[in-house]
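This is what each chain is made of:
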Amino acid sequence: MTTPTIPMDTFKWIVSGLLGALLVGVGWFLAGIQTDLRDVRKEMIGLRVESAVTNTKLEELIAEFRRRNPR
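Residues numbered from 1 in each chain as written. Predicted model: local features only at pLDDT ≥ 70, side-chain atom pairs only at ≥ 80, totals over all residues. Heavy atoms only, no water.

Q: Got a minute to help me understand the overall build of the protein in this structure?
A: Broken down by element type, the protein carries one helix and zero strands. Projected onto the principal axes, the alpha-carbon positions of the protein cover approximately 105 × 20 × 10 Å. Within the protein, buried positions represent 0% of all 71 residues. When the 10 positive and 8 negative side-chain charges of the protein are each reduced to one mean point, those points stand 8 Å apart. (Helix = DSSP H or I, 4+ residues; strand = E, 2+ residues; numbered from the N terminus. Buried < 20%, exposed > 50% of the residue type's maximum accessible area, 1.4 Å probe, protein only. Lys, Arg positive; Asp, Glu negative; His and termini not counted. Charge placed at Lys NZ, Arg CZ, Asp CG, Glu CD.)

Below is the structure:
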């Protein structure tokens, strides 16, 4: 009893197509992660700037409070 087989060229074509599709899928997934990381980086830069401004304002308020209420 023999089983039907497919030619090696067809097998290579199918495997190459599946690996290509897998490669495209992984590339798409990694590109999405990279985009998300860029967004997170931009948000972190914004938070750092906001915290620096807040710290400066707080230091000014503390200095003003100390000038008004010396101990």
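Q: Honestly, the pattern of salt bridges in this entry has me stumped. Any pointers?
A: A pair can form between side chains of opposite charge whenever their charged atoms are brought close. For the coordinates displayed, the defined rule picks out one salt bridge. As a salt-bridge pair, Arg-68 and Glu-64 come within 2.7 Å of each other at their nearest N and O atoms. One end of the pair is Arg-68 and the other is Glu-64, both in helix H1 (residues 8–68) and four residues apart, which spans about a single turn. The exposure class of Arg-68 is exposed, given its relative accessible area of 62%. (Salt bridge = Lys/Arg side-chain N within 4 Å of Asp/Glu carboxyl O.)

So yeah, pure geometry; function would need other evidence.
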